[in-house]
Amino acid sequence: MAEVKPVFKVCVFNTNRDYFDYYANNFEPSVGARVWVPFRKQLRMGVVIGNYLPENPHAGTKSIATIIDEKPLISGELLALCLWVSSYYQSPLSEVIPLALPKKFRSDKNNALPTSDYYQLVVSGAKAHTLLTSRTPRQHALIDFLAAQHAPISKKNVIEAGFNTTQLNALLGKGIVTKQEQNEKPSLSNRPLAAALSLNPEQAIAVKTICTDLQSYQCFLLQGVTGSGKTEVYLQVIEKVLAAGRQVLVLVPEIGLTPQLLTRFRERFNEPMAVIHSNLSDTERQLAWIWAQEESVKLVIGTRAAIFTPMPALGLIVVDEEHDMSLKQMEGVRYSARDTALMRAHVRHIPIILGSATPS
């Protein structure tokens, strides 16, 4: 009896179908990995969403041409969320999955991550100071700065700290530091943090109630007019979630709200964070997506599309201004980011906070 080969369900982007069947040759792609498949008279990109053993193999079934990802690009959790959105909002999965992927991951162009120059001392700080004259105070200061770092630091961070390329090159020329090219990493801040504000009785009750059980699904509505202190409640709950080593996703309705919220968050947390919205370049969106997936960032702030950000250690979702119509996408795949966030929190068994002055 002939061996029955497994059939792989491949979701081919923008085809108005959930998936098409393909065989694999001498390889077995992972569920969630991208592949190239023959589709009509061309090669198209798709994502493997499952496999099965056919009862009646079809002679006309084609084979996958190439595997793009050795490991799944889309996690099982994110794929399940896409399947729910497809089913609940009656949109083909081939339209939903592209929403979850940055543009660079759904094109045939080079999608390698950008790199930057990173610098590190190769001798102790004390030894480095003896190799310089006293007439270069900024180079001495740069040595102290580099000595205080626990890992190689990017040129961007060095410049932001008040130093310049000339000073870096001088230390390079003396063999005091080394330069290596690495994939870009999120910026870290060493500035002093603002202290938490004192809570009024209502805020204190809200924080205590939400933090009673951070390990299970609960939906909290935080109602308060603008200026009533909802953001401080968010911040104090987020602090506890981050302290437990988990990630936090904050959704806002408009890009315009992002900078002021980001400022508040940066005043309170030194944790690396990412921002995701439609004004980002393709490379910036790809970087934020990867950093969240690799847990290089613990805090993601974004508009509605950020609900699809991969966050393996997700421990809390906050939806600010949950009543705002901007959280609904009204073209293409029509979905509510707030309701999708509720489902993601429910499946993940984590709390979600909905904040509003005028609850929906």
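Reading the values: rules and limits
- Residues numbered from 1 in each chain as written.
- Predicted model: local features only at pLDDT ≥ 70, side-chain atom pairs only at ≥ 80, totals over all residues.
- Heavy atoms only, no water.
- Helix = DSSP H or I, 4+ residues; strand = E, 2+ residues; numbered from the N terminus.
- Expected span 1.5 Å × (residues − 1).
- Buried < 20%, exposed > 50% of the residue type's maximum accessible area, 1.4 Å probe, protein only.
- Contact = heavy atoms within 4.5 Å.
- Salt bridge = Lys/Arg side-chain N within 4 Å of Asp/Glu carboxyl O.

Peer 1: Tell me what's going on with helix α1 (residues 76-88), and back it up with residues and numbers.
Peer 2: End to end, α1 covers 18 Å across 13 residues, agreeing with the expected 18 Å (1.5 Å per residue, within 8%). Where α1 is concerned, the buried positions are L78, L79, L81, C82, W84, V85 and S86. Next to the buried residues of α1 lie β4 (42-52), α2 (93-100), α10 (282-293), β15 (335-336) and α11 (337-348). Residue Q90 follows α1 closely and has a positive phi angle near 55°.

Peer 1: Break down the pattern of salt bridges for me, with residues and values.
Peer 2: On inspection of all chains with the given rule, the structure shows 8 salt bridges. Ionic pairing is found between R344 and E77, a salt bridge with its closest N-O pair at 3.3 Å. One end of the pair, R344, is in helix α11; the other, E77, is in helix α1, with 267 residues separating them in the sequence. By relative accessible area, which is 3% here, R344 ends up buried. Exposure remark for E77: the relative accessible area of 24% places this residue in the partly exposed category. Between E77 and R348 there is a salt bridge whose closest N-O contact spans 2.7 Å. Of this pair, E77 sits in helix α1 while R348 sits in helix α11, and the two are 271 residues apart along the sequence.

Peer 1: Could you give an account of the environment of L172, with specific residues and numbers?
Peer 2: Along the chain, L172 falls in helix α6 (residues 165-173). Here L172 falls in the partly exposed class, since its relative accessible area comes to 24%. Put simply, L172 and L121 are 51 residues apart on the chain and 9.4 Å apart in space, counted from C-alpha to C-alpha. When residues no more than four places from it in sequence are discounted, the contact partners of L172 are Y119, V177, T178 and K179.

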